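Here is how the chains run, residue by residue.
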Amino acid sequence: MTPIFIFSAPRTGSTLLQRMLASHPDIATTPEPWVLLPLISMSQQGAHLSKYSAQVSAQAINNFTEEIGNNNYNELLADFVLSLYQRASEGNESFFIDKTPRYYYIIEEIITLFPNAKFIFLFRNPVQMYASVLTTWCNNSFSKLYRNKDDLYLAPKLLSNAYVKYKDVSIAVNYDDLVRNDQEEYKKILTYLGLNDDLGTPFDYEINSFKKGEMGDPTGQVKYKNVSTQSIDAWRKVFNNPFRKWYLKRYIDFLGDAVATGHCYDIKKIKQEIDSLPNNNSLHSIKDFVGVVYQHLVYKFKLNLFFSSKHKNNNGFFE
């Protein structure tokens, strides 16, 4: 079995892509395994917290793997993960999709561990992603964004850099293209995977929707039963006052080359679109400003690690 890894930031449409591809009889999947994050991170000091001291544990694991040989250890670890993918498959599928958004932390390690796997980089306009994170997980409040700080500020840069480095062995998919030209994008990906594309309609949402409560998109698969372009412009209603517009342009400037290189978007054009938005809720600017200051301080002083134990949202930061 060959694994397919979809590398993306959260709220970039990766669940849609996953469900489309899972309609192919040779491709199996489950919503979001997350299994490689702890397996790879357990030997990385500072990667996580634990009651038993993750730092000491990482040192001991590294000493242990050196004794048996790092190459041998990686081969055994890869075999173990492949056996999990095989067990999670329903039949004799040739591929298994592991779509876990926060794999952006360990792209390099995954590609090293599975050199023969298939790698799909999914990019989305960052203003769409920001609006989706803000409304889906943060109740449209900046004060809760500390849980998704890395998703918004770190992930786009890591993904862009990784794609540039590994573009010869991977394929890039743009979210806007995916929803506007789903048939063409579907065929393009199947060609990369070496699969036939003469299957007629590529997907059936009623068949490929995931069970309620499982990891993945908590809104999209319920709201959209077919491929829809409605989400492309939804961000325009979210950034609706002077402060939000200013802060969004500041965000785009922060991402800089990552937007142009990996995401293939024109920074100047995005900022012009932001400027063209109407100001409908100017009185909310002060509330938004306070929320931004709060989430910045929480993240800066690592208070998010303390708060994480109090949050039950599985998609939150460090949860």
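Residues numbered from 1 in each chain as written. Predicted model: local features only at pLDDT ≥ 70, side-chain atom pairs only at ≥ 80, totals over all residues. Heavy atoms only, no water.

Regarding the confidence of the model for the protein chain
Rules: Confidence scores here are pLDDT values: one per residue, from the predictor, ranging 0 to 100. Note on definitions: a residue-residue contact is assigned when non-hydrogen atoms from the two residues lie within 4.5 Å.
Summarising the model, the protein chain shows a mean pLDDT of 86, and 86% of its residues fall at 70 or more. Per-residue pLDDT stays below 50 along residues 310-319; that stretch engages in 31 contacts with residues further than four places along the chain or on separate chains.

Here's the deal with the pairing of strand S1 (residues 2-7)
The line we're drawing: For every residue, the accessible area obtained with a 1.4 Å probe (protein chains only) is divided by the maximum for its type, and the residue is called buried under 20%, exposed over 50%, and partly exposed between those limits. Per the convention used, a helix needs a DSSP run of H or I reaching at least four residues, while a strand needs a run of E reaching at least two, with both numbered from the N terminus. Note: two strands are recorded as paired if DSSP finds a minimum of 2 bridges between them.
When you tally the buried positions in S1, you get five out of six residues, the bulk of the element. Two strands pair when backbone bridges link them, and S1 and strand S3 (residues 95-98) are joined in this way by four bridges, in the parallel orientation. Residue pairing for S3: Thr2 is matched across the bridge by Phe95. In this structure, S1 lies alongside strand S4 (residues 118-123), joined through four bridges in parallel fashion. Considered in S4, the bridge of Phe5 is made with Phe119.

Considerations on the sheet that holds S1
Where strands meet in a sheet, backbone hydrogen bonds hold them as pairs that are either parallel or antiparallel. Here is the rule: To get an axis, a line is fitted to the C-alpha atoms, and for a helix only the part in contact is used. The angle between two axes follows their N-to-C directions and goes from 0 to 180 degrees.
Reading across the sheet, the five strands line up as S2-S3-S1-S4-S5 and stay open at both edges, with parallel pairing between neighbours. Of all strands in the sheet, those bounded by a partner on one side alone are strand S2 (27-29) and strand S5 (170-174). Geometrically, the sheet is characterised by an average inter-axis angle of 25° between neighbouring strands, direction not taken into account. Pairing geometry for S4 and S5, over five bridges, is parallel. Bridge pairing in S5 places Phe119 opposite Ser170. Helix H1 (residues 14-21) contacts S1, S2, S3 and S4 of the sheet and is inclined by roughly 140° relative to S4. Contacting S1, S2, S3, S4 and S5, helix H10 (residues 182-193) runs over the sheet at an angle of about 170° to S5.

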